[in-house]
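Coordinate inspection notes
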Amino acid sequence: MAAWLCAAAFTATPAAAREHHHALHRAVQPAPQPADDAAFTGYGPTAPGASTILIDAQSGQVLGANGADTPRYPASLTKLMTLDLAFQALRSGQMTLDTQIPVSYHANSVEPVKLGLAPGSTIAVRDAILAMTTMSANDAATALGEYIGGGSEDRCAQLMTQRAKQLGMAQTNFANASGLPNPNQVTTARDLSLLARDIVVNFPEDQQFFEVQSFNFRGRTVYSNNQMLKTYPGATGMKTGYTDLARHNLITSAQRNGHVLIGVVLHEPNWGDTYAQMRTLLDSGFGGPAPSTTVAAATPVVPHGGTLQMASNTHARPAAPIPAASRAHAYPMGGWVAQLGVYSHMAKARTAALAAHHLSGEGIPRIARVETKGHTMWSAQLAGLTSNSARATCSAMAARGNSCRVIPPSVDHLAMLTNDDGT
């Protein structure tokens, strides 16, 4: 039966695959047994109503919130923290996208939705990430979590919770890598907005994974279950999630007119209400629905090795600052940097960094917050280069009329950020 379910998820049309995905969650995921009766009395993670929050990714400002601090079960939104740890490991060189991670009996045994990975087999990190961001595969998430945890999903969950505390996610605790039901796995909308912002700000090179609508896995097409990618102009991911007690959950990042917003919607009764609420949140932040002529968001860099269909796009109070991800051994290729400019909008800096990476095929796109002349700006850089590749990158950018500066390893990169585009 399980094998048939997995096969059906791969072979269905995109629309059918999405409906099948959500139906699987409803049909087969067991409800957790809570530590007390709180989950069934209208308190704690299953309190009535929905929780929402909208933040500006550049400033961290909260643009709107309702029940944002109510404890909730995160369901598959948990996978964002597993991915956050994976992106750190990729950045530090502890693994690569081609690293083959083992599939344990435990990873094979988890409830669907899943790829149907066989115990004793392996899966590339790239494919595990894509399976998590598209179909929300629990076996891929568990295998990746076990790898990050040195063979232990429990250890990975401890690392996830530690990272949450670093990010200021004060009400969050993780118990597994996938988001499958566990009464000890609790978070809030506000906490999840901090996690999403960490990924958007600190890992621009990995944003591409959230924009994938489908990819080829060993001859089978895996489709995304995130409707926002197809229906909301400028949407750039990120994640859906459902369990019986968590109900319907969604995190979306979107880019429009140089601004990036992140919305979180938790505990909605159905997917229609979830997506409608998210559209309303984002529209309010952007100042209204996008016109039909909305310019597409920047095309992300496609990860090597897969055949991907990318998404076609189109009363505030400050949030706690988020720490940068670990930069230990961050640039294994080399210490040279191609500085691409400083921008007033984070989205423009991200676009510049990704465009340079796409052009050169080398280095690590990086954006960083910079305070200059009393204003917050965003630098765009391509880091981890050799001297020759940094110079070649700047030459190629200059030939296209773009500014670029080569910065040697011995120089404080941020100290060199003296120019801005005035936008």
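I will try to describe carefully the structure that is included in this document.

The rules behind these values
Residues numbered from 1 in each chain as written. Predicted model: local features only at pLDDT ≥ 70, side-chain atom pairs only at ≥ 80, totals over all residues. Heavy atoms only, no water. Pairing = 2+ DSSP bridges. Helix = DSSP H or I, 4+ residues; strand = E, 2+ residues; numbered from the N terminus. Axes fitted to C-alpha atoms, helices over the stretch in contact; angles between N-to-C directions. Contact = heavy atoms within 4.5 Å. Buried < 20%, exposed > 50% of the residue type's maximum accessible area, 1.4 Å probe, protein only. Expected span 1.5 Å × (residues − 1). Polar contact = N/O pair within 3.5 Å; in protein donor to acceptor, adjacent residues only side chain to side chain. Disulfide = S-S within 2.5 Å.

Description of the sheet that holds strand β12 (residues 364-372)
Spatial ordering of the open sheet is given by β12-β13-β11-β14, a layout of four strands whose pairing is antiparallel. Each end of this open sheet is capped by a strand with a single partner; those strands are β12 and β14 (405-407). Strand-to-strand twist across the sheet, computed as the mean angle between neighbouring axes with direction ignored, equals 35°. Alignment of strand β11 (residues 336-343) against strand β13 (residues 375-385), held across six bridges, turns out to be antiparallel. Paired with Trp336 across the two strands is Leu385, which belongs to β13. Along the sheet, helix α12 (residues 387-399) contacts β11, β13 and β14; its crossing angle with β11, the most-contacted strand, is approximately 35°.

A look at helix α6 (residues 138-148)
Of all eleven residues in α6, ten are buried, a share of seventy percent or more. The complete set of buried residues in α6 reads Asn138, Asp139, Ala140, Ala141, Thr142, Ala143, Leu144, Gly145, Glu146 and Ile148. The elements touched by buried residues of α6 are α3 (79-92), β3 (100-102), α4 (105-109), α5 (125-133) and α7 (153-166). Gly150 sits one or two positions beyond α6 and adopts a positive phi of about 65°.

Remarks on helix α10 (residues 271-286)
Between the first and last C-alpha of α10 there are 22 Å, a value that for 16 residues agrees with the 22 Å anticipated at 1.5 Å per step. All of the buried residues in α10 are Trp271, Thr274, Tyr275, Met278, Leu281, Leu282, Asp283 and Phe286. Capping the start of α10 is the job of one residue whose side-chain oxygen sits 3.1 Å from the backbone nitrogen of Gly272: Asn270. Of the residues one or two after α10, Gly287 is the one with positive phi, at around 90°.

Description of the state of the cysteines
Here the structure, examined in full by the defined rule, presents one disulfide. Between Cys394 and Cys404 runs a disulfide, and the two sulfur atoms are separated by 2.1 Å. Because the sign of the S-S torsion sets the handedness, a value of about -60° for the bond joining Cys394 and Cys404 places this disulfide among the left-handed ones. Taken as a pair, Cys394 in helix α12 and Cys404 in the loop between α12 and β14 lie far apart in primary sequence, ten residues in all. Using a relative accessible area of 9% as the deciding quantity, one classes Cys394 as buried.

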